[in-house]
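Each chain is listed here by its residues.
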Amino acid sequence: MPVRVYLGSDHAGFVLKSRLIEWLKQAGHDPVDCGPDAERDDDDYPPYVMRAAKSAVDDPDSLGIVIGGSGNGEAIAANKIRGVRAAIAWTEETAQLARLHNNANVLSLGARMYPIEDAVSFARVFVETKFSGAERHARRLGEIADFEATGELPPLPAEP
């Protein structure tokens, strides 16, 4: 089933973003480039990755992919958007678990951390994996969503 995927990067992630857009199109998905539109050494990632993350939240059933040198700053920025669950992946397994267990809606990739084709495989797994819906995972996501809505920490479990 085709998925709309919003992508944003900085200069370090620009080449990988372009390759991911190419792969997404070939795979029948709907990539939306949130910028930048050219590789500039002095650009900052927050405007682009936050736009991609917000677009993914505002468009139900879509996903986001944000890319930088390490993926760390991009994940931090994306996770400031209410409703975003951005995860960093460094293997196919971490990309799969981000969706399967955490229902991550944004993938953060580090363009300087692994070869481009590895990053494409992480994105493929992320886009193709669905949330398991398992009760324990849904419960944990509910605790996070409740905190996001109220600012109140979830209660600690009772000691055995």
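Preceding this section is the structure that the text describes.
The following paragraphs examine the structure supplied in this document. Quick caveat: nothing in here was measured; it's all calculated off a predicted structure.

## Regarding the overall build of the chain
Scanning the chain for helices and strands turns up 6 helices and 5 strands. In the chain, the order of α-helices and β-strands from amino to carboxyl end is β-α-β-α-β-α-β-α-β-α-α. Its C-alpha atoms give the chain a radius of gyration of 16 Å, near enough to 15 Å, the size a compact globule of 160 residues would have. Put simply, the chain has 160 residues, and 44% of those count as buried. Only carbon and sulfur atoms are counted for the fraction: they give 53% of the accessible area of the chain, which is about 8,700 Å². Placing the 17 positive and 25 negative side-chain charges of the chain at their respective mean positions leaves the two points 4 Å apart.

## Re helix α2 (residues 46-58)
Taking 1.5 Å per residue, 13 residues should reach 18 Å; α2 reaches 17 Å between its end C-alpha atoms and fits that length. Those residues of α2 lying buried are Val49, Ala52, Ala53 and Ala56. On an axial view of α2, the arc spanned by its buried residues comes to 95°, and they lie on one face. Opposite the packed face of α2, turned more than 90 degrees from it, sit the exposed residues Arg51 and Asp58. Looking at the buried positions of α2, the neighbouring elements they touch are β1 (4-9), β3 (63-68), α3 (72-78) and β5 (106-110).

## Brief notes about the environment of Asp33
By the secondary structure assignment, Asp33 is in strand β2 (residues 30-33). Take Asp33: its relative accessible area is 40%, and that puts it in the partly exposed class. For the pair formed by Asp33 and Tyr6, sequence separation is 27 residues and the distance between their alpha carbons is 6.1 Å. Ignoring any residue separated from it by four or fewer positions in sequence, one finds Asp33 in contact with Leu7, Lys17 and Ile21. In terms of polar contacts, Asp33 uses its side chain to reach the side chain of Lys17, at 2.6 Å.

## A closer look at a negative patch on the surface
On the surface, Glu39, Asp41, Asp42 and Asp44 cluster together into a patch of negative charge. With respect to the helices and strands, Asp44 occurs in the loop between β2 and α2. What makes Asp44 exposed here is its relative accessible area of 54%.

## Let's talk about the nonpolar core
Leu7, Leu20, Ile65 and Leu109 are the most contacted members of the largest nonpolar core, which totals 26 residues. Those elements that provide at least two residues to this core are β1, α1 (14-26), β3, α4 (92-100), β5 and α5 (116-128). With 7 residues, α5 is the single largest residue contributor to this core. Dropping the residues within four chain positions of it, Leu20 is found in contact with Leu7, Ile65, Ile67, Leu109, Ala119, Val120 and Ala123.

Conventions adopted
- Residues numbered from 1 in each chain as written.
- Predicted model: local features only at pLDDT ≥ 70, side-chain atom pairs only at ≥ 80, totals over all residues.
- Heavy atoms only, no water.
- Helix = DSSP H or I, 4+ residues; strand = E, 2+ residues; numbered from the N terminus.
- Rg over C-alpha atoms; globule rule 2.2 N^0.38 Å.
- Buried < 20%, exposed > 50% of the residue type's maximum accessible area, 1.4 Å probe, protein only.
- Areas by Shrake-Rupley, 256 points an atom, 1.4 Å probe, with all protein chains shown as cover.
- Lys, Arg positive; Asp, Glu negative; His and termini not counted.
- Charge placed at Lys NZ, Arg CZ, Asp CG, Glu CD.
- Expected span 1.5 Å × (residues − 1).
- Arc of directions from axis to C-beta.
- Contact = heavy atoms within 4.5 Å.
- Polar contact = N/O pair within 3.5 Å; in protein donor to acceptor, adjacent residues only side chain to side chain.
- Patch = residues over 30% accessible without salt bridge, like charges linked within 9 Å, V, L, I, M, F, W, Y side chains within 5 Å.
- Salt bridge = Lys/Arg side-chain N within 4 Å of Asp/Glu carboxyl O.
- Core = buried A, V, L, I, M, F, W, Y, C linked by side-chain atoms within 4.5 Å.

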